[in-house]
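Okay, here's what each chain looks like letter by letter:
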Amino acid sequence: MNSRQNSPTLLAFTLIELLTVITIIAILMGLLFPAIGIVKEQARKAEAKAAVVQVGAAVKQYFTEYGKYPVGGQDPTADLTFGNAATPNAELFDILRNVGQGGGKPNQYNPRAIVFFEGKGATSDPPKGGFASEDKDSVKKGSYLDPWGKQYQVIIDANYDNLVIVPHTDFATPNEPRTGVAVFSLGKDGEIGSPKESLAGKYKQGSKTSDDIITWQ
């Protein structure tokens, strides 16, 4: 019998070998984590893109059904924006989702009780990626939030001139989107354009594109 085969010291890792393995694992993890972050961010963008398209389609379906846009009790003389501090988008989505005042009654601005839009509830705290289930801080119950926790903004052609005035300066006159509704998410940075990419207030300039998710481009 070969005594070398029974020696436990020959079957064990040396300290140098263990340190080498640990170092390799650490390097691989360092390479993997950023890749995971990139994949997750791409998934959020894809989710937001699908959502803004669906919201725009729901508003247009409402127009087809009722012959007017879902602006509620407001009587605007210019484009109307939902999803900011002054006008939470919950007011719009209550109409599109047929959320009434209780008692099984339909929303007063959706008397045919048609559900034009469905969506999941926000599942995290702070809420994001769905409908807020309660009033909390600056978020109103029923507001529809993007994957980064900001309200989707919806601009409706309330004066029916087939133009919408959007906040991105590269779509100022005469480049206003010719549509009845424009929907967008502010993206990860929560700002119009991408200031860190020298795109403050702009969606796109040259080869650079902001992280905003929009329906009209």
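Just so you know, these numbers come straight off a predicted model, no measurement behind them. (Residues numbered from 1 in each chain as written. Predicted model: local features only at pLDDT ≥ 70, side-chain atom pairs only at ≥ 80, totals over all residues. Heavy atoms only, no water.)

A.B. asks: Sorry if this is basic, but what is going on with the packing of aromatic side chains here?
C.D. replies: Following the criterion strictly, the structure yields 16 aromatic pairs and no others. Aromatic side chains F93 and F131 sit 5.5 Å apart centroid to centroid with 75° between the ring planes, which places their arrangement in the edge-to-face category. Of this pair, F93 sits in helix α3 (residues 90-96) while F131 sits in strand β2 (residues 130-131), and the two are 38 residues apart along the sequence. Taking the relative accessible area as the measure of exposure, F131 reaches 4% and is therefore buried. (Phe/Tyr/Trp six-rings, centres within 6.5 Å; stacked < 30°, edge-to-face > 60°. Helix = DSSP H or I, 4+ residues; strand = E, 2+ residues; numbered from the N terminus. Buried < 20%, exposed > 50% of the residue type's maximum accessible area, 1.4 Å probe, protein only.)

A.B. asks: Explain the environment of V139 to me, please; I cannot follow it from the model alone.
C.D. replies: On the secondary structure map, V139 appears in the loop between β2 and β3 (144-145). When its relative accessible area of 17% is taken as the criterion, V139 is described as buried. Each C-alpha atom, one on V139 and one on A85, is 9.0 Å from the other, the two residues being 54 residues apart in sequence. The contacts of V139, once residues within four sequence positions are left out, are A132, E134 and L145. (Contact = heavy atoms within 4.5 Å.)

A.B. asks: Explanation requested: the pairing of strand β4 (residues 153-156) in the structure shown.
C.D. replies: Sheet faces and side chains relate simply in a regular strand, where the side chains alternate between the two faces. Here β4 shows no split at all, with Q153 and I155 on one side and V154 and I156 on the other all buried. By the bridge criterion, three bridges tie strand β1 (residues 80-82) to β4 in an arrangement that is antiparallel. When the bridges of β4 are listed, F82 appears paired with V154. (Pairing = 2+ DSSP bridges.)

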